[in-house]
Amino acid sequence: MLRTLWGLSLTVLGCAAQAAANFDGQSWWSTVKALADDKFEGRETGSTGERQAQGYIVEQLKALGIEPAGSDGYYQRVKLRTTEIQEGSSSLALVRNGHAQPLTLGEQAYFSTRYVLAPKVEAPLVFVGYGLQIPEQGYDDLAGLDLKGKVAVLLTGSPAEIPSALSAHYQSRAERWRVLKAAGAIGMISIPNPASMEMSWSRMALNRNLPSMDLVGPEFDETAGSQIAVTFNPAYAELLFEGTGYTFAEIAALGKDRKALPRSPLGLSISAVIHTTSHEVDSTNVVARIPGRDPKLKSEYVVLSAHIDHLGVGAPINGDRIYNGAMDNGSGSALLLDVARSLKQARAPIKRSVLFVWVTGEEKGLLGSKFFAAHPTVPPKSMIADINTDMFLPVIPLKALTVYGLAESDLGDRVAQIATDQGLRVQPDPAPLHNVFIRSDQYNFVRHGIPSVMIDVAATDEADMQTLKEWRANRYHAPSDDVNQPVNLATAAGYEEVIRALTITVADEPARPAWKQDSFFRRYAAAGPTGATAR
Ligand SMILES: [Zn+2]
């Protein structure tokens with residue numbers, strides 16, 4: 001242990017000493033500006049703009065002499081199917097004692113096209129609390145409830161005693177639907193927990209009618225058996241609880257403190273008419289490689305991933321329709337290119353190979369990474385770690401880092417060591433209710449047994465916390481996440497040093513990163529992912 005850490009420190013000190021030589025923030029920012037240009041129209045998955053942005057990355061890689069590692073040059077084809085709700089000819093109502101009360105779509109509730117939707121549904125509602133079943137904690141919100149043929153109503157979030165990684169895992173779409181389906185449910189109504197809503201209801205509902213996407217292929221069908229999925233505005237949620245003996249206000253208060261929730265049939269039904277249209281779309285991942293120099297270790301890969309897609313063109317906010325996605329995730333895509341350039345030009349040879357994967361479809365549900373992790377362009381067992389970067393937010397001075405997955409594998413220990421050597425503090429997920437661990441591409445590598453981390457810039461004082469909070473409230477998934485926002489180039493450069501040092505450390509250390517003995521996610525390393533996922 002001591003020897004490893006000592007060796008690590010020396011390596012990292014070497015990197016830190018030449019920190020200024022590797023990155024200046026300028027090259028990062030110029031790539032972000034290129035990717036977030038209006039001409040790429042927000043890089044919507046499968047769009048011309050996304051293809052052009054990918055072409056820009058590929059041109060840079062070619063110019064640098066970095067090898068292609070896709071299945072077709074730098075590219076890997078990803079087949080997708082869109083589903084679009086036709087709200088004008090769809091309807092939703094609550095039915096109590098035979099009396100139907102129509103709901104206003106968009107204002108009171110909206111359909112989620114990320115689940116399979118049937119043309120016509122009428123079914124009783126049952127409140128299932130958080131709707132979680134967590135065997136390793138002996139926790140079961142569905143126990144004693146009859147859900148056969150019914151629609152489960154749930155509040156997002158989890159009770160305080162559930163560790164954040166577990167809570168995040170079991171709230172993923174696949175796990176969520178697996179347990180509800182097993183209990184006999186035919187659909188769900190999800191009420192966002194007001195205590196953890198990142199954006200207002202009006203912002204959430206704004207782009208509800210844009211097409212959703214899913215991967216084509218039976219191995220990716222996670223919501224078979226579902227007939228209806230609805231997101232319900234918490235401001236109207238009292239409607240669901242009338243006559244139950246408890247109010248939504250009480251439930252929300254319990255949810256805020258992550259306390260146990262009541263569970264019971266709600267004494268009313270949902271009635272829906274649903275019209276959707278669907279078509280197939282092609283997109284691609286972009287994959288490149290820098291080969292290692294060690295005769296044996298070079299067949300193993302450290303994966304650096306970042307999604308290149310964003311939301312495209314949507315409803316206007318302040319007259320702007322283009323969702324440029326400068327930070328989300330032009331920032332991570334630019335970082336991958338910078339790190340690739342720096343490693344390519346480095347004199348010190350790295351032992352293992354490094355794989356750079358610009359994935360598509362993250363905003364549509366982590367689709368490109370899901371496809372890549374299931375059908376990698378290198379042997380599956382050769383990927384020893386994934387370091388993912390998504391919207392790391394260099395908008396405040398760099399003093400600390402949030403490491404998602406910090407305690408799950410010794411990859412987290414390596415991040416902590418490198419951060420310490422560079423004078424930075426590290427913290428685990430400060431807001432577990434936001435489920436960030438399952439909300440970006442590292443999660444698909446985790447599900448295939450690969451130790452992974454994602455790292456964000458963290459705030460250490462009130463002012464910086466406020467800056468990040470305002471960024472999330474005003475720019476996150478809004479057209480103003482564009483190149484006319486203030487960024488801190490020194491922070492971007494410092495963050496790139498951390499990712500570079502981490503990549504080199506993981507590539508060079510004799511031992512592959514390993515899951516911690518007590519990590520829940522360790523099971524995937526042995527058993528493979530849940531669900532029928534083809535390799
Ligand atoms: Zn996003």
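Everything numeric here is computed off the predicted structure, so don't read it as measured data. (Residues numbered from 1 in each chain as written. Predicted model: local features only at pLDDT ≥ 70, side-chain atom pairs only at ≥ 80, totals over all residues. Heavy atoms only, no water.)

Novice: Could you give an account of the overall build of the protein chain, naming the residues involved and the relevant values?
Specialist: Secondary structure summary: the protein chain contains 16 helices and 22 strands in total. Rg of the C-alpha trace for the protein chain: 23 Å, near the compact-globule value of 24 Å for 535 residues, within the 12% margin. The principal-axis extent of the C-alpha atoms belonging to the protein chain is close to 75 × 50 × 45 Å. Looking at the protein chain residue by residue over its 535 residues, the buried ones come to 58%. The contacts in the protein chain between residues at least 6 apart in sequence include a share of 84% that link residues at least 24 apart. Just so you have it, the protein chain exposes about 20600 Å², and 53% of that area is on carbon and sulfur atoms. (Helix = DSSP H or I, 4+ residues; strand = E, 2+ residues; numbered from the N terminus. Rg over C-alpha atoms; globule rule 2.2 N^0.38 Å. Buried < 20%, exposed > 50% of the residue type's maximum accessible area, 1.4 Å probe, protein only. Contact = heavy atoms within 4.5 Å. Areas by Shrake-Rupley, 256 points an atom, 1.4 Å probe, with all protein chains shown as cover.)

Novice: Describe in detail the packing of aromatic side chains, supporting the description with residues and values.
Specialist: Two descriptors summarise a pair of aromatic rings, namely the distance from one centre to the other and the angle between the planes of the rings. For the coordinates displayed, the defined rule picks out 15 aromatic pairs. Their ring planes at 85 degrees and their centres at 5.0 Å tell us that Phe 520 and Phe 521 sit as a pair that is edge-to-face. In this pair, the class of Phe 520 matches that of Phe 521, namely buried. Three or more aromatic residues joined by ring pairs make a cluster, and in this case those are Tyr 170, Trp 515, Phe 520, Phe 521 and Tyr 524. (Phe/Tyr/Trp six-rings, centres within 6.5 Å; stacked < 30°, edge-to-face > 60°.)

Novice: Can you explain the coordination of the zinc ion? Please cite residues and give values.
Specialist: Taken together, the protein donors to the zinc ion comprise Asp 328 (OD), Glu 363 (OE), Glu 363 (OE) and His 477 (NE2), at separations of 2.0 to 2.4 Å. In this structure, the zinc ion is surrounded by 4 donor atoms whose angles at the metal cover 57 to 143 degrees, and the resulting shape is irregular. Mapped onto the sequence, the donors of the zinc ion take the spacing D-x34-E-x113-H. Of this pair, Asp 328 sits in helix 10 (residues 326–345) while His 477 sits in the loop between helix 14 (462–474) and helix 15 (489–508), and the two are 149 residues apart along the sequence. For the pair shown, Asp 328 and His 477 are each scored as buried. (Donors = N, O, S within 2.8 Å, 3.2 Å for Na, K, Ca; no water. Tetrahedral: all angles 85-135°; square planar, octahedral: opposite > 155°, others 65-115°.)

Novice: Before we move on, could you go through the pairing of strand 20 (residues 400–404) and cite the residues and values that matter?
Specialist: Strand 20 sits mainly inside the fold: 5 of its 5 residues count as buried. Here strand 20 shows a buried face lined by Ala 400, Thr 402 and Tyr 404 and a second buried face lined by Leu 401 and Val 403. The pairing of strand 20 with strand 21 (residues 425–427) spans 3 bridges and is parallel. When the sheet's bridge partners are listed, Thr 402 is paired in strand 21 with Gln 427. Running through helix 12 (residues 410–421), the crossover from strand 20 to the neighbouring parallel element strand 21 is right-handed. Pairing between strand 20 and strand 22 (residues 452–458): 5 bridges, direction antiparallel. When the bridges of strand 22 are listed, Leu 401 appears paired with Val 457. (Pairing = 2+ DSSP bridges. Right-handed = clockwise from strand over helix to strand, strands pointing away.)

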